[in-house]
Amino acid sequence: MPDLTGTVQFEPGTHVGHTYDAKGAVTGRRAVTLERPSRFAADERIRARGRGISYHVGGGELGGYWLATRRDLAIATLAG
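The following paragraphs examine the structure supplied in this document. (Residues numbered from 1 in each chain as written. Predicted model: local features only at pLDDT ≥ 70, side-chain atom pairs only at ≥ 80, totals over all residues. Heavy atoms only, no water.)

## Quick look at the overall build of the protein chain
Counting its regular elements, the protein chain contains zero helices and seven strands. When the helices and strands of the protein chain are listed from N to C terminus, the series reads β-β-β-β-β-β-β. Residue burial in the protein chain is summarised as follows: out of 80 residues, 29% are buried. The long-range share in the protein chain, meaning contacts at least 24 apart out of those at least 6 apart in sequence, stands at 54%. About 4,900 Å² of surface is accessible on the protein chain, with carbon and sulfur atoms providing 48% of the total. (Helix = DSSP H or I, 4+ residues; strand = E, 2+ residues; numbered from the N terminus. Buried < 20%, exposed > 50% of the residue type's maximum accessible area, 1.4 Å probe, protein only. Contact = heavy atoms within 4.5 Å. Areas by Shrake-Rupley, 256 points an atom, 1.4 Å probe, with all protein chains shown as cover.)

## As for the side chain of Ser-38
On the secondary structure map, Ser-38 appears in strand 4 (residues 38-48). Sequence-distant contacts of Ser-38, that is, excluding residues within four places in its chain, are made with Val-8, Gln-9 and Phe-10.

Below, the structure written as structure tokens:
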């Protein structure tokens, strides 16, 4: 998948980000609960086997974590 830059918009609710090792095993997780829609910088995307497409968050509370696409994860202003 091509690299990208832009923002990812998250709807209110709990969102869980993950970190992975070189083989794709989960090495960390962080959950945040948002009270209102919020945007964070996205700087990369991957398609992980069995996990679909995930976006790497470049800043904010989930900076450095990967978030898998889901119904309430809206992507905005992407360029790649």
